[in-house]
Amino acid sequence: MENTNIPQEMKDALTKFDVTAEGIVKSFLDTVESQEPPKIIYHYTSDDGLRGILETGQLWLSDIFNLNDPSELSHGFSHAVNILNGKAAEGPPESQVFAKHFSAFHQAGMQGSAHYFVCSFSADGNDLGQWRAYADNGRGYALGFDAKALEDVFTKENGVAIPNNCTFSVTYKDAVIAEFHRQMIDSMFGLISLPHGKNMESTALHAYMKELSVTLSVHVLRAALFFKHEAYRNETEYRFLQIHRADVPPPEVKRRYRSYELVKYREFDWKRLQAGALKRIVVGPAADPAKATRFATDCLAACNVENVEVVCSDIPYRAA
């Protein structure tokens, strides 16, 4: 911490909590990273999206706060807010003030914490809910990529890991993330009252409380990135994630229009890096099978993408 008026033992306590929280998150990430990815991961899109992905060779990583599920990070963070509020209700007055400020960050500060860009895939290439939500109500396509080949070029450059990028299967267990956040809050809760009896200057006290809140927020947000609400379990999402610092504008951000909204996104040049990663295209269940299959094969030929299987969904379909 920059403020030298904070007693050294308090600085040490903050460092100890940071290490403890890091260990809690890492214990989960180790289990995630040990899992093998699905053999094929599917990206649902419209006919126009199919053509664009093949022509440009780009997949889009969208700002996480513009995704179809508006809860995303907020859902995971809300568990920590609820746990802290419950604990503070039985605690000293300063813990209630701390909890109030932490909750305010949840409501208004998350979008300023960092720049998060996501491209979502699914382990299931023929899921009714995703046909309806992400593929033009069943008239679109699901593009099946070799997961290992695609993630290798997303997470590495010339064999060296890209620190901003990672890939993982999303977890849909609220009890798991709630337990991680409970462990974090239990390990830091006593630090809220640590300034008692130390006669600290107001600037030093403010700096200490801010550092404590920021440290907790960073670890809570990091854990939240790997979870979604259990209602989305059917999506079996495999996520490509890119994180950029909040205080530095991320490079090469573009914007597209979507119903009263400009969505920020970055491009991932999959075709240049690994053209052979695309293995399969599934035609949506509401599309005309012959016409949609011909369109997909024509696009593949026009864009010089070879050795891709085109099949039709076998789901009996009624538009939602």
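Residues numbered from 1 in each chain as written. Predicted model: local features only at pLDDT ≥ 70, side-chain atom pairs only at ≥ 80, totals over all residues. Heavy atoms only, no water.

## Things to note about the environment of Leu 262
Part 1 of the argument: Within the fold, Leu 262 resides in strand S10 (residues 262-268).
Part 2 of the argument: Classification of Leu 262 as exposed rests on a relative accessible area of 55%.
Part 3 of the argument: Contact partners of Leu 262, with chain neighbours within four places excluded, come to Asn 66, Arg 256 and Tyr 257. (Helix = DSSP H or I, 4+ residues; strand = E, 2+ residues; numbered from the N terminus. Buried < 20%, exposed > 50% of the residue type's maximum accessible area, 1.4 Å probe, protein only. Contact = heavy atoms within 4.5 Å.)

## Quick look at the pattern of salt bridges
Part 1 of the argument: Overall, the coordinates contain 18 salt bridges when judged by the stated rule.
Part 2 of the argument: A salt bridge links Glu 9 to Lys 198; its shortest N-O distance comes to 3.6 Å. A residue pair is termed long-range when its members are at least 10 positions apart, and Glu 9 in helix H1 (residues 8-33) and Lys 198 in the loop between helix H7 (174-188) and helix H8 (202-224) qualify at 189 residues.
Part 3 of the argument: Assessed through its relative accessible area of 46%, Glu 9 is described here as partly exposed. (Salt bridge = Lys/Arg side-chain N within 4 Å of Asp/Glu carboxyl O.)

## Things to note about the nonpolar core
Part 1 of the argument: By size, the foremost hydrophobic cluster in this structure holds 50 residues, and its most contacted members are Met 188, Tyr 208, Leu 212 and Leu 216.
Part 2 of the argument: Going through the elements one at a time, H1, helix H3 (72-89), helix H4 (93-109), strand S3 (114-122), H7 and H8 are the ones with two or more residues in this core.
Part 3 of the argument: Per-element tally for this core: the top contributor is H1, with 10 residues.
Part 4 of the argument: Filtering out sequence-adjacent residues up to four positions away, Met 188 remains in contact with Phe 17, Phe 98, Leu 212 and Leu 216. (Core = buried A, V, L, I, M, F, W, Y, C linked by side-chain atoms within 4.5 Å.)

## A closer look at the environment of Asn 164
Part 1 of the argument: Within the secondary structure layout, Asn 164 lies in the loop between strand S6 (160-161) and strand S7 (165-169).
Part 2 of the argument: Overall, Asn 164 belongs to the partly exposed group, its relative accessible area being 28%.
Part 3 of the argument: It is 38 Å that separates the C-alpha atoms of Asn 164 and Met 200, two residues lying 36 residues apart in sequence.
Part 4 of the argument: With sequence-adjacent residues up to four places away left out, Asn 164 is seen in contact with Leu 241, Gln 242, Ile 243 and His 244.
Part 5 of the argument: Of the polar contacts made by the side chain of Asn 164, one reaches the side chain of His 244; its length is 3.2 Å. (Polar contact = N/O pair within 3.5 Å; in protein donor to acceptor, adjacent residues only side chain to side chain.)

## Some points on helix H6 (residues 147-155)
Part 1 of the argument: Among the 9 residues that make up H6, 7 are buried, leaving the element largely enclosed by the rest of the structure.
Part 2 of the argument: Within the sequence span of H6, burial applies to Ala 147, Ala 149, Leu 150, Glu 151, Val 153, Phe 154 and Thr 155.
Part 3 of the argument: You can read the cap of H6 off the contacts: a side-chain oxygen lies 3.1 Å from the backbone nitrogen of Lys 148, and it is on Asp 146.

## Quick word on the side chain of Ser 213
Part 1 of the argument: With respect to the helices and strands, Ser 213 occurs in helix H8.
Part 2 of the argument: In contact with Ser 213, other than residues within four places in its own chain, are Phe 98 and Phe 102.

Distances and angles like these do not, on their own, reveal function.
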